[in-house]
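One-letter residues, chain by chain:
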Amino acid sequence: EKGKFKHFMMKEIYEQPTVTLAAFQDRIQDALVNERAFGEQAAAIFDQVKQIQIIACGTSYHAGLIAKYWMEGLAGIPCHVEVASEYRYRPVVIQEGTLFISISQSGETADTLAALRDVKDQILASLTICNVPGSSLVRESDLCLMTNAGPEIGVASTKAFTTQLVCLLLTTLVIGRRFKITEALEHQIVESMMLLPALIEESLQMDSDIELMSQAFAEKQHSLFLGRGTLYPIAMEGALKLKEISYIHAEAYPAGELKHGPLALVDKDMPVVTVAPRNDMLDKLKANLQEVSARGGELFVFAGCTQKVQPGEGIHVLGMPDMPEILEPIVYTIPLQLLSYHVAVLKGTDVDQPRNLAKSVTVE
Ligand code: M6R
């Protein structure tokens, strides 16, 4: 079943050009998102949405964090995101017109499901973005958008995450039409999405470079991941992947927080990974990067405009393909998945079944 791959995780990483395409192509009609893909009552519900509450755990939570940037930044829809295990155990204020969106690969995560059940009577409606047909979240939500990634066997989530992002972008567009998103912008984003499979394919070709890079991590105890904007949750996701399968302590920080504490940790034993695509934040990020290299830290920068970040002593630049900004969080995920995979293989850990973890957490 693993075909030419040694592990399910690698097979699933390589499926991403195909499954991300599957997650959007049937949902597009005349270069616009077809809202019926979300369910019969979708249009009537979306018409009444005033804000969004996203709930999820783990990797699915990271997808939710990116959706917040899209919902608020592109569409102007107020959007809150919280991990299910916190949300369900605190008194919450639910405003009128709240669409509750759960994100889950399995559809069976106990905390996510409990959070939905607890607020059912207070919300406008519920939508789940889920990978398992017929799962509890799918059955109990008013609307659903399946990620269609196919079974994910590796405990470390990969293709479920990138397809969740595709689905969340579709969701931003359909609800965003009722807010700030114009037809022209929707067309433009849909067109950009068509580039996604090829861009993922291209970033998979970095595999051997990343395998080489993984040697700098295998003997380390700690690592730092930095990002800004939508790439901050991607740094979080990269750190989670590394922790899960290689057991190396990895912490993610918004790049701008570096000076507010974590910089004290940086030395030659703490490699720093930065996701820094071409965008207006790059100049600020560059200042942060200089702080790290000045302290002897080894820096690995994934950047889209190599001419702007100069490689130097202790600074390794990994060039990413040029791409529309909207696709950056999806495409920049790929090299970080590959990095965690290769570090784990070097360390000889059980890639598909990391210690202490289960594929789906159905008890608290
Ligand atoms: O099935 P779900 O998406 O609800 O699962 C949520 C988390 O348990 C899951 O993403 C976990 O963090 C993964 N092992 C991450 O790789």
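All figures in this text were calculated on a predicted structure; none of them were measured in a lab.

Rules used in this analysis
- Residues numbered from 1 in each chain as written.
- Predicted model: local features only at pLDDT ≥ 70, side-chain atom pairs only at ≥ 80, totals over all residues.
- Heavy atoms only, no water.
- Salt bridge = Lys/Arg side-chain N within 4 Å of Asp/Glu carboxyl O.
- Buried < 20%, exposed > 50% of the residue type's maximum accessible area, 1.4 Å probe, protein only.
- Helix = DSSP H or I, 4+ residues; strand = E, 2+ residues; numbered from the N terminus.
- Contact = heavy atoms within 4.5 Å.
- Near = heavy atom within 4 Å.
- Polar contact = N/O pair within 3.5 Å; in protein donor to acceptor, adjacent residues only side chain to side chain.
- Areas by Shrake-Rupley, 256 points an atom, 1.4 Å probe, with all protein chains shown as cover.
- Nonpolar A, V, L, I, M, F, W, Y, C, P; charged D, E, K, R; others polar.
- Expected span 1.5 Å × (residues − 1).
- Arc of directions from axis to C-beta.
- Core = buried A, V, L, I, M, F, W, Y, C linked by side-chain atoms within 4.5 Å.
- Axes fitted to C-alpha atoms, helices over the stretch in contact; angles between N-to-C directions.
- Parallel < 35°, antiparallel > 145°, perpendicular 65-115°, else oblique.
- Left-handed = near helix turned anticlockwise from the far one by under 90°.

Asks: A description of the pattern of salt bridges should follow, citing residues and the corresponding values.
Replies: Working definition: two side chains of opposite charge can pair if their charged atoms are close together. Applying the stated criterion to the full structure yields 15 salt bridges. As a salt-bridge pair, Glu82 and Arg90 come within 2.6 Å of each other at their nearest N and O atoms. With relative accessibility at 15%, the residue Glu82 sits in the buried group. On the accessibility criterion, Arg90 (39% relative accessible area) is partly exposed.

Asks: Can you tell me about the side chain of Asn131, naming the residues and giving the values?
Replies: Residue position: Asn131 is located in the loop between strand S6 (125-130) and helix H7 (136-140). What Asn131 contacts, discounting residues up to four positions off in sequence, is Ser104, Gln105, Met146, Thr147, Asn148, Ala149 and Gly150.

Asks: Provide a residue-level description of the site of the ligand, including the pertinent values.
Replies: As a matter of local geometry, the ligand sits amid 13 residues, with Ser60, Ser104, Gln105, Thr109 and Glu244 nearest to it. In the model, an oxygen atom of the ligand is placed 3.1 Å from a nitrogen or oxygen of the Lys241 side chain. With the chains in place, 91% of the 410 Å² that the ligand exposes on its own is no longer accessible. Going through the elements one at a time, helix H4 (58-73) and helix H13 (231-246) are the ones with two or more residues in the shell around the ligand. When residues of the shell around the ligand are assigned to their parent elements, the largest contribution, 3 residues, is made by H4. The residue inventory of the shell around the ligand, partitioned by class, reads 3 nonpolar, 8 polar and 2 charged.

Asks: Let's hear about helix H9 (residues 183-194): which residues, and what values?
Replies: For H9, with 12 residues, the first-to-last C-alpha span of 17 Å sits near the 16 Å given by 1.5 Å per residue. Taken as a whole, H9 has its buried residues at Glu186, Ile189, Val190, Ser192 and Met193. One face of H9 carries all of its buried residues, which in axial projection span an arc of 155°. Turned more than 90 degrees away from the buried face of H9, the exposed residues are Ala184, Gln188 and Glu191. The secondary structure elements touched by the buried residues of H9 are helix H2 (16-25), strand S1 (28-29), strand S2 (32-33), helix H8 (159-176) and helix H10 (196-204).

Asks: Mind laying out the nonpolar core, listing which residues take part and the relevant values?
Replies: In terms of nonpolar packing, the biggest core is built from 91 residues, with Phe46, Ile52, Leu99, Phe225 and Phe302 touching the most fellow members. Other than its neighbours up to four places away in sequence, Phe225 contacts Ala235, Gly238, Ala239, Leu242, Ala250, Glu251, Ala252, Tyr253, Val273, Leu336 and Leu339. By size, the runner-up hydrophobic cluster in this structure holds 14 residues, among which are Leu224, Leu258, Val266 and Leu299.

Asks: Can you lay out the packing of H10 against helix H15 (residues 328-347) for me, pointing to particular residues and giving the numbers?
Replies: Running from N to C, H10 and H15 cross one another at 25°; their axes reach a closest spacing of 9 Å. On the basis of their axis angle, the class for H10 and H15 is roughly parallel. Our pair here, H10 against H15, has a crossing hand that is right-handed. The residues of H15 that touch H10, namely those facing Leu196, Leu199, Ile200, Ser203 and Leu204, are Ile330, Val331, Ile334 and Leu338. Taken together, the residues that form the contact of H10 with H15 break down as 8 nonpolar, 1 polar and no charged.

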